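Spelled out, the chains give:
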Amino acid sequence: MRYERFGLLAGCVMILAGCAGTGGTVPVVDAGRSVSSEEMRVGAGRQPVQQQPVAEPEESSVVVMVPDDAGGSRAIESYPLDGQPSWPQSEPQPAQQPSQQPAQSAPAQAPASSNGALQGDEQLDGPVLALLTVARDQEGRGDLGSASASLERAMRIAPREPQVLYRLAQVRLAQGDAAQAEQLAQRGLAYAADRPTLQAGLWNLIAEARDKQGNRAGAAEARERARVQL
Amino acid sequence: MGRKRRGRAAKKAGFWKRWSGWIFKLGLVALVLFGGLVIYLDAVVQEKFSGKRWAVPAKVYARPLELFAGQQLSKEDFLAELEALGYRTAQAARSPGQVSVAGSRVDVHTRGFAFSEGDEPAQHVSVRFDGNQVAGLAGHGNLVMARLEPLMIGGIYPAHNEDRVLIQLQESPPYLVESLVAVEDREFFQHFGVSPKGILRAAYVNMKAGGVVQGGSTLTQQLVKNFYLTSERSLLRKANEAIMAVLLELHYSKEDILEAYLNEVFLGQDGRRAVHGFGLASQYYFAQPLRELELHQVALLVGMVKGPSFYNPRRQPERAKQRRDLVIGMLAEQGVISEQHAQTAIAKPLDVAARGRLTDTSYPAFMDLIKRQLREEYRDEDLTSEGLRIFTSLDPVLQNKAERAVETTLKRLGPAPGDVEMESAMVVTSAQTGEVLALVGGRDPRFSGFNRALDASRPIGSLVKPAVFLTALEQPQRYSLITPIDDSPITLEAEPGKTWTPQNYGRESHGLVPLHVALSRSYNQATVRLGIDVGVPEVLKTIERMGVQHGWRPYPSMLLGSGPMTPLQVTDMYQTLANGGFNTPLRSIRSVLAPDGEPLGRYPFAVQQRFDSATIYLMQEAMIRVMTEGTGRSAYNLIPSTVRLAGKTGTTNDLRDSWFAGYSQDLLAVAWLGRDDNGATRLTGATGALQVWSAFMRDAHPQGLSATPPAGVDMAWIDPLTGQGSDPSCPGSIEEPFRKGFAPLPGPGCRPLIDTETVKDGANRVLDVIRGWLP
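Residues numbered from 1 in each chain as written. Chains lettered and ligands numbered in written order. Predicted model: local features only at pLDDT ≥ 70, side-chain atom pairs only at ≥ 80, totals over all residues. Heavy atoms only, no water.

What to know about the overall build of chain B
A count of helices and strands for chain B gives 23 helices and 32 strands. The C-alpha atoms of chain B give a radius of gyration of 36 Å, which is well past the 28 Å a tight globule of 775 residues would have. Over its C-alpha atoms, taken along the principal directions, chain B stretches across nearly 160 × 65 × 50 Å. Here chain B, with 775 residues, has 58% of them falling under the buried criterion. A sequence separation of at least 24 residues applies to 69% of the contacts in chain B between residues at least 6 apart. The averaged location of the 82 negative side-chain charges in chain B is 13 Å from the averaged location of its 85 positive side-chain charges. (Helix = DSSP H or I, 4+ residues; strand = E, 2+ residues; numbered from the N terminus. Rg over C-alpha atoms; globule rule 2.2 N^0.38 Å. Buried < 20%, exposed > 50% of the residue type's maximum accessible area, 1.4 Å probe, protein only. Contact = heavy atoms within 4.5 Å. Lys, Arg positive; Asp, Glu negative; His and termini not counted. Charge placed at Lys NZ, Arg CZ, Asp CG, Glu CD.)

Next comes the structure, spelled out in structure tokens:
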């Protein structure tokens, strides 16, 4: 009788618990999980993503879009450094050859296109060029927020580089912020003295931004100035 | 007798019969009650365990350090950043979090980080330094640039101040689970929530050790206790705990329970903040991510579970080491590690990091700025519980330099008259992007109280003058840098019925002086005359265009800076100058991310052109002369004279406030010195704030201002005495920038054809006059 009672009790408990439970499945939804900075720092297993600003050998030229005479966009190619030496990790590094310095990334062979060649001061440094490449990929995927973040990263490194401002203005325009696009292009102009092609590009961008803001007269004036530059 | 006996037996049987019924009924009632309790507890167990288990305070990060060839960064600053991030020196940097130094080369294995715009991989990077620059990077493939993970600089904690860094079981380092199980609950993987065997063993072990070494409750019970129950000690609670432990085991796997335990366990108290979980404890005690911990570190944390304050390694290092070694010993005893491994681990020191690296007391002034902005845009409970990640622009390297400049200069200057402590504030921004890089709120940068950088609103004195001169230079038909301005005494009606007679600092008048001299020497009378000429309301409008909504009344005394501003507002105003006439709202937050990495808010760079670049260039030229020949020239006692800098001193009545605002190509810094009681300091802008500013700039290695004029500026040779066009061949002629179309026509060349004595004599007189303007 006693044992029966215990058995009954145990049975009841099991049944009750079973009813109350969810059948042993694990409904864990840990909403806070990926907050962990630890997790974010987990890098060993991460694959280098394509955003990784490493100038891949097959991507050794970067296309910076600068508008042509007709007002359309045409590619201007600029070349990053022909690669830094990859030193063995344990051996002492040899003195870097000047020609491999990213700062002196002048391409040995100038791009063939007629007025597409960048002037001496228009060659971009390794990191800035790499970030423009990253931003172009991000923009190509439609990820304008990330493209903007990458361009701002480039801007922190080279704040007075008008090509960066030009690209940032383009992205702002694509994001629908025509007023900021115009301001950024204006700022680019302030640093683009003696670079007529780029100036024309910036004026065309300003014209487009003004059109979007309904400023027809301003747009026409900007187009006029773009023509004068070329 | 027989009857009697029978009667008694019958009585007994009746008793049993009656009572067994009762007992049965009572049993049923108890069963139902118990069942109800179980159902209730089960609901409690599941509800909390399956939902969002913890409120995670928002974490705030500094800017990530970028590495690329040409980057302005010294080896020492790089190593300091790595140390703050908890990197450990090793023979060779082979795994994440390790660094090795060889001469001017630093090898580092970065940890990797998921940024909102893309992942940065963990990788080996070799950085070569040359002076204060990164000479080159090397790594896997053609490495052009790399980023370190950003330093966590604080969190936004709720009132109860419970903080944690959530981890997953897979992230736990070797031996963490083993030692936890070995020390706290040997039967963890076998029992069903409670362990009678464990209780017996604990009793035996404790008896043998002569004290409480082991607790009898299982990890599951401990989790239940911390997670669901109050700390009240009673049998009833103990029973609840046991039932809930069994229920928890019934529903969830050992791994889930263990992971929850690792995140829940209390491991220390940091001021008002409770340190929960191994993830945060690892950061708090070792400044390292959990997965990088070695055996001796893991053993320390596991040993601390029993009594985090009793075994606090910072307060009780010996006791903590004893406990740690005991844990290591237990692991060896159970065969988890070899005896030799145990000996090596025992030989190691505690390895605890210096305090206060990740608390929000590290950079209280900057955190204050961040929190004020966040509170405008987010609800408090979202900030304190949703696990947001906030990325800011704080540069810890520059922050430390700014703090040091404030501290050392204040120490050197000594107290103000009457032995009153002097206070100071400093704001450093990126000159081109308007990002706040460093913020000092007082002489003690660790003190989180009155944030003078944000809240001390003081008259700005001569810092206002660039607005007066800028207003004039915007009228190129009337004013250029060489326009003569009258620096003679002036009396005017200040407010209705009151006259005002401004005086120069040296109580002298200087007659007619070129405009740029009036600014660089900070002549008050000339400034007031110029300001009256262009109009006080116009000057106030210029200040608003520069970025500060001040609400000042248009009194003439505003021309000499009787209107107050905070150091942050002054920074806003000067940012527009440093940025070539483009106003950029100061930014300190770059982005806010949800726990899943989704951006909640981006704070994109925005500019608005407020002034013509050419006008700003002229203004800057005058402010460069403040530094080379005017009130700011003592800066070059500390900074190489090749670095072109622009700036302005500010001093207020009775020497109460000492200001300096100035910039290089890359950095804008504003410094203020004064007293909280607004008393006299005996310091001018030059003898006080400029000293702080220069000490900072000396250490920050700024890039000099570009000498290339923008479009819209013409250079012309002039005769400085007459202001007329001249020629480079003429003695004493100088080259000055003008707005395009407003430069004087070039004069005839000076050729020594005739007797030049009289000319020379005249020229000498001219030169004497010029020399008179020079210091």
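Moving on from the coordinates now.
Considering the confidence of the model for chain B
Residue and element names in this part refer to chain B. Averaged over all residues, the pLDDT of chain B equals 89, while 94% of them reach at least 70. Across residues 356-360 the pLDDT falls below 50, and counting only partners more than four positions away or on other chains, this stretch makes 24 contacts in the model. Across the predicted assembly, pTM comes out at 0.80 and ipTM at 0.83. (pLDDT = per-residue confidence, 0-100.)

Details of the state of the cysteines
Residue and element names in this part refer to chain B. Under the defined criterion, the tally for this structure stands at one disulfide over all chains. Each sulfur in the disulfide pair Cys730 and Cys750 lies 1.8 Å from the other. Between Cys730 and Cys750 the disulfide shows an S-S torsion of about 85°. By sign, it is right-handed. Pair noted here: Cys730 is in the loop between strand S31 (713-718) and strand S32 (734-739) and Cys750 is in the loop between S32 and helix H23 (757-773), with a separation of 20 residues, a long-range link. (Disulfide = S-S within 2.5 Å.)

Considering the pattern of salt bridges
Residues and elements named next belong to chain B. Under the definition given, this model contains 52 salt bridges over all chains. Salt-bridge contacts for Glu435 lead to Arg587; the nearest nitrogen and oxygen are separated by 3.2 Å. Remark: Arg587 occurs in the loop between strand S24 (582-583) and strand S25 (589-593) and Glu435 occurs in the loop between strand S16 (423-430) and strand S17 (436-440); sequence separation between them is 152 residues. Given a relative accessible area of 2%, Glu435 falls into the buried group. For Arg587, a relative accessible area of 9% translates into the label buried. Across the salt bridge formed by Asp676 and Arg452, the nearest N and O atoms sit 2.7 Å from each other. (Salt bridge = Lys/Arg side-chain N within 4 Å of Asp/Glu carboxyl O.)

Considering the sheet that holds strand S30 (residues 667-674) of chain B
Residue and element names in this part refer to chain B. Strand order in this open sheet of five strands is S17-S16-S30-S29-S28, and the pairing throughout is antiparallel. Each edge of the open sheet is held by one strand with a lone partner, namely S17 and strand S28 (646-651). Neighbour-to-neighbour, the strand axes of this sheet turn through a mean angle of 5°, independent of strand direction. Sheet topology note: the S16/S17 ladder contains four bridges and is antiparallel. (Pairing = 2+ DSSP bridges. Axes fitted to C-alpha atoms, helices over the stretch in contact; angles between N-to-C directions.)

Describing helix H5 (residues 219-228) of chain B
Within H5 of chain B, eight of the ten residues are buried, leaving the element largely enclosed by the surrounding structure. All of the buried residues in H5 of chain B are Leu219, Thr220, Gln221, Gln222, Leu223, Val224, Phe227 and Tyr228 of chain B.

Describing the side chain of Thr384 of chain B
Looking at where Thr384 of chain B falls in the secondary structure, it is placed in helix H13 (residues 380-385). At 3.5 Å, the side chain of Thr384 of chain B forms a polar contact with the backbone oxygen of Glu381 of chain B. (Polar contact = N/O pair within 3.5 Å; in protein donor to acceptor, adjacent residues only side chain to side chain.)

As for the environment of Arg739 of chain B
All names here are of chain B. Residue placement: Arg739 occurs in strand S32. Arg739 sits in the buried class, given a relative accessible area of 19%. In this structure, the C-alpha to C-alpha distance between Arg739 and Tyr479, residues 260 residues apart in sequence, is 9.8 Å. Residues within four places of Arg739 in sequence aside, it is in contact with Leu473, Glu474, Pro476, Asp612, Ala614, Thr615, Leu618 and Gly712. At a separation of 2.6 Å, a polar atom in the side chain of Arg739 contacts the side chain of Thr615.

With respect to the sheet that holds strand S26 (residues 599-602) of chain B
Residues and elements named next belong to chain B. If you trace the five strands from one edge of the open sheet to the other, you get S11-S1-S15-S25-S26, paired in mixed fashion. Taken across any chain shown, the strands that pair with only one partner, and hence form the sheet edges, are strand S11 (152-156) and S26. The average angle at which neighbouring strand axes cross in this sheet is 20°, direction not considered. Pairing of S25 with S26 involves three bridges; the strand directions are antiparallel. Its bridge partner lying in S26, Ser591 is registered against Arg602.

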